[in-house]
Amino acid sequence: MNRTARIERVTSETKVLVELDLDGTGRAEISTGVGFYDHMLHQIARHGGFDLTVRTVGDLEIDAHHTIEDTSIALGAALAEALGDKAGIRRYGSATIPMDEVLVRAAVDLSGRAYVVHDEPALAPYIGTVYPTSMTRHIWESFGQAARLTLHVEVLRAARPGGHPDAHHVVEAQFKAVSRALREAVSIDPRSAGAIPSTKGAL
């Protein structure tokens, strides 16, 4: 079974290439021009068990919004393409991930229906100088719409004693949790005999 995809997305604002192999080894080659986002996409590959190449050139002279948004859309489209008709997959996946003081829960349903629920505390406006923390919700929404999946991401705990949430930890734990949930959901269920995991017969 060849569960791979290659997506090229070109607009007046960005040029994005995504190559995805769902049955990889966690290898990643990422370049978006937004260092923290690159770091997060590496989490998708490593903890999802995917081989992932992302090359984005965007209008960073304006800000990081279009670059992050369009890359997220292309990644979601690549996941949808690589899954094909979804025959034999587990469909559902969930993970609860700790990262020091932060605890995040993610659940995914490769349902064919795009719906995203995202809950996180107020964070510092930027991680580093380029990544706006307001984009994290938009990443999941853009990715979920393009991948046609249901995704719930909840930050269950974030506060440090006597201090504000560490934005880096909060966002990174989300990416790790979603990656682990996806790893389970896309995996092949040996008990399914190749059936599509829906009473409707289609996802």
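The notes below deal with the structure included here. Quantities reported herein were computed from a predicted structural model and do not represent experimental measurements. (Residues numbered from 1 in each chain as written. Predicted model: local features only at pLDDT ≥ 70, side-chain atom pairs only at ≥ 80, totals over all residues. Heavy atoms only, no water.)

Glancing now at the packing of aromatic side chains. Under the counting rule described, the total for this entry stands at two aromatic pairs. Residues tryptophan 140 and phenylalanine 175 carry aromatic rings whose centres are separated by 4.6 Å and whose planes lie at 45° to one another, so their mutual orientation is tilted. With a gap of 35 residues between them, tryptophan 140 in helix H3 (residues 135-147) and phenylalanine 175 in helix H4 (residues 167-186) connect regions that are remote in the sequence. With relative accessibility at 1%, the residue phenylalanine 175 sits in the buried group. (Phe/Tyr/Trp six-rings, centres within 6.5 Å; stacked < 30°, edge-to-face > 60°. Helix = DSSP H or I, 4+ residues; strand = E, 2+ residues; numbered from the N terminus. Buried < 20%, exposed > 50% of the residue type's maximum accessible area, 1.4 Å probe, protein only.)

A word on the sheet that holds strand E7 (residues 115-119). Overall, mixed pairing links the four strands, which are arranged E5-E6-E10-E7 in an open sheet. At either margin of the open sheet sits one strand with a lone partner, and together these are strand E5 (92-99) and E7. This sheet shows a mean twist of 10° between the axes of neighbouring strands, independent of strand direction. Summarising the sheet, strand E6 (residues 102-109) and strand E10 (residues 150-157) pair through seven bridges and their orientation is antiparallel. The partner of arginine 105 across the bridge, within E10, is glutamate 154. The strands touched by H3 within the sheet are E7 and E10, with E7 carrying the most contacts at an inclination of about 165°. (Pairing = 2+ DSSP bridges. Axes fitted to C-alpha atoms, helices over the stretch in contact; angles between N-to-C directions. Contact = heavy atoms within 4.5 Å.)

Bringing the packing of H3 against H4 into the picture now. Running from N to C, H3 and H4 cross one another at 20°; their axes reach a closest spacing of 11 Å. Here H3 is positioned roughly parallel relative to H4, judged by the angle of their axes. You can see that H3 and H4 cross each other, and the crossing is right-handed. Along the contact surface, H3 presents Thr136, Ile139, Trp140 and Phe143, while H4 presents Val171, Gln174, Phe175, Val178 and Leu182. Per-class residue counts for the contact of H3 with H4 are seven nonpolar, two polar and no charged. (Parallel < 35°, antiparallel > 145°, perpendicular 65-115°, else oblique. Left-handed = near helix turned anticlockwise from the far one by under 90°. Nonpolar A, V, L, I, M, F, W, Y, C, P; charged D, E, K, R; others polar.)

Counting 58 residues, the largest nonpolar core has Leu52, Leu79, Leu110, Tyr131, Leu149 and Leu182 as the members making the most contacts within it. What leucine 149 contacts, discounting residues up to four positions off in sequence, is Leu79, Val108, Asp109, Leu110, Ser111, Arg113, Ala114, Tyr115, Phe143, Gly144 and Leu182. (Core = buried A, V, L, I, M, F, W, Y, C linked by side-chain atoms within 4.5 Å.)

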